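Structural characterization, general
Residues per chain, in single letters:
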Amino acid sequence: MTRFSAATEGVAKRLRDGMVGGVLSFPLTSFREDGGLDLAAYRAYLTAQLDSAPGAVFPACGTGEFFSLDEDEYRAIVGATVEIADGRLPVVAGIGYGWAQALRFARIAEEAGADAALVLPHYLVAAPQDGLVEQLRRIASGTSLPLIAYQRGQVAFTADSLRRIAEIPTVIGLKDGHSDLDRLQRLTLAAPDGFLFFNGASTAEIQARAYATVGVPAYSSAVHAFAPEIANAFFAALRDGDNARMTQLLRDFYVPLVELRDRVPGYAVSLVKAAARLRGLPVGPVRAPLTEPGRDDLGALAKVLDDGLNVVGAVRRSD
């Protein structure tokens with residue numbers, strides 16, 4: 001018997017089904033050159049993204065520069081995503097900061113029609129386990145949206161805390177960005193049946209095989225934001241157990257991409273946006289404090305992108 005309400009279980013089931021069928025899409029947020037939100041460009045970009053059949057879409061999260069959005073911009077992005085998704089797949093909006101501000105974003109997302117919320121790590125301070133649990137309880141008490149906790153940075157749950165957050169009726173899952181597989185295995189074993197787990201490591205495909213061995217095959221893909229052909233090819237290889245294909249993609253594309261990503265702080269987003277622009281996608285620049293890649297890094301990125309597209313038989317631009 002499920003521990004969730006019918007509505008919450010419905011969302012959990014849609015996510016469970018979606019993550020079996022495709023990668024989790026974390027779209028970029030489109031900005032103009034002057035830094036303003038470009039909603040028309042975002043709508044065009046997202047429409048193309050959803051045509052590549054992700055399992056779920058997570059707007060205004062880390063890749064979408066949640067930390068740079070004001071509440072009006074956030075409302076516009078989540079609302080546009082819900083409209084364009086049109087019920088075809090779950091929409092999980094990012095929320096974050098302290099619990100009071102996270103609740104403001106959660107209520108906006110709820111009003112906009114989002115299906116669930118991803119609770120990004122709280123701002124600045126380290127906190128004990130009791131505080132991490134209470135943070136989720138406070139958020140859950142103020143919104144009916146199903147919640148997915150995200151452990152990364154200063155947020156890392158113990159097995160006991162996982163049991164406690166799993167008792168909160170609307171907390172349906174955990175996204176992991178620490179890549180500590182010993183800890184993660186303990187968490188999966190502590191979780192009740194039906195609790196969802198997601199691989200949220202940076203460039204998650206690098207560790208996707210390892211995560212799958214501890215029962216966490218679902219993952220978010222930043223690569224899907226600019227090269228869904230590559231992301232979908234890797235997902236299919238992981239699903240089918242095609243180790244040769246995964247190794248080829250990792251060697252020829254993902255590892256070079258990660259080596260480039262690690263050169264400069266913030267490149268986990270900046271390079272993704274730059275790669276999207278290389279493909280003619282209308283995403284615009286990053287907002288400060290992120291910075292754009294320099295000329296040499298852009299040249300290296302173009303080569304890495306072309307190499308990856310060549311592996312899957314695609315081209316950088318069709319025009």
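The structure reproduced in this document is the subject of the present report. (Residues numbered from 1 in each chain as written. Predicted model: local features only at pLDDT ≥ 70, side-chain atom pairs only at ≥ 80, totals over all residues. Heavy atoms only, no water.)

**A word on the packing of aromatic side chains**
The cut-off we apply is this: Planes of paired rings set the category: under 30 degrees apart is stacked, over 60 is edge-to-face and the rest tilted, where pairs are Phe, Tyr or Trp rings (Trp by its six-membered ring) whose centres lie within 6.5 Å. Buried means the residue's accessible area, taken with a 1.4 Å probe over protein chains only, is under 20% of the maximum for its type, while exposed means over 50%, and partly exposed covers the values in between. Helical segments are the DSSP runs of H or I of at least four residues, strand segments are the runs of E of at least two, and each set is numbered from the N terminus.
A full pass over the atoms with the stated rule returns 11 aromatic pairs. The interplanar angle of 40 degrees and the centroid separation of 6.1 Å between the aromatic rings of Tyr97 and Phe105 together place this pair among those described as tilted. Under the relative-accessibility criterion, Tyr97 is labelled partly exposed at 27%. Pairing Tyr219 with Phe234 gives two aromatic rings, centres 6.4 Å apart and planes at 80 degrees, and the pair type is edge-to-face. Here Phe234 lies in helix 9 (residues 228-240) and Tyr219 lies in the loop between helix 8 (208-213) and strand 8 (220-221), a separation of 15 residues in the sequence. Assessed through its relative accessible area of 0%, Phe234 is described here as buried. Within the aromatic cluster, the residues linked to one another by ring pairs are Tyr219, Phe234, Phe235, Phe253 and Tyr254.

**A look at a nonpolar patch on the surface**
Let me state the cut-off plainly: Patches in this entry comprise residues that are over 30% relatively accessible and not in a salt bridge; like charges within 9 Å are linked, as are nonpolar side chains (Val, Leu, Ile, Met, Phe, Trp, Tyr) within 5 Å. The Shrake-Rupley method, run with a 1.4 Å probe sphere, supplies the accessible areas, and residue values consider only the shown protein chains as cover. Counted as salt bridges are all cases of a side-chain nitrogen of Lys or Arg within 4 Å of a carboxyl oxygen of Asp or Glu.
Taken together, the side chains of Tyr123, Leu124 and Val125 define a hydrophobic patch exposed on the protein surface, amounting to about 360 Å² of accessible area. Residue placement: Tyr123 occurs in the loop between strand 4 (116-119) and helix 5 (129-142).

**Quick notes on the environment of Met19**
Rules: The contact criterion used is simple: two residues touch if any of their non-hydrogen atoms lie within 4.5 Å.
Take Met19: it is sitting in helix 1 (residues 6-21). A relative accessible area of 15% means that Met19 is categorised as buried. Distance in space between the C-alpha atoms of Met19 and Ser220 is 9.4 Å, their sequence separation being 201 residues. Those residues within four positions of Met19 in sequence are excluded, and the remaining contacts are Leu24, Leu196, Phe197, Phe198, Ala218 and Phe235.

**A word on the pairing of strand 5 (residues 147-151)**
The criterion, for reference: By definition, two strands form a pair when at least two bridges between them are found by DSSP. Classification remark: right-handed applies to a crossover when, strands pointing away from the viewer, the course from the first strand over the helix to the second runs clockwise.
Where burial is concerned, most of strand 5 is hidden: five out of the five residues are buried. Residues Leu147, Ala149 and Gln151 line one face of strand 5 and the alternating positions Ile148 and Tyr150 line the opposite face, and both faces are buried. Both strand 4 and strand 5 contribute to a ladder of three bridges, which runs parallel. Each residue of the ladder has a partner; that of Leu118, found in strand 5, is Ile148. Since strand 4 and strand 5 lie parallel, the crossover through helix 5 that links them has a hand, and here it is right-handed. Where strand 5 lies against strand 6 (residues 171-176), five bridges are found, and the strand directions are parallel. Its bridge partner being in strand 6, Leu147 is matched across the sheet by Val171. The parallel pair strand 5 and strand 6, bridged by helix 6 (residues 159-166), forms a crossover whose chirality is right-handed.

**Topic: the sheet that holds strand 4**
Defined as follows: Axes, fitted as lines to C-alpha atoms, cover a helix only where it is in contact. Angles between the N-to-C directions of the axes lie from 0 to 180 degrees.
Pairing within the open sheet is parallel, and its five strands lie in the order 3-4-5-6-7. Across the chains shown, the open sheet's two edge strands, defined by having one partner strand only, are strand 3 (92-95) and strand 7 (196-199). Averaged over neighbouring strand pairs, the angle between their axes works out to 25 degrees when direction is ignored. Across four bridges, strand 6 lies against strand 7 in parallel orientation.

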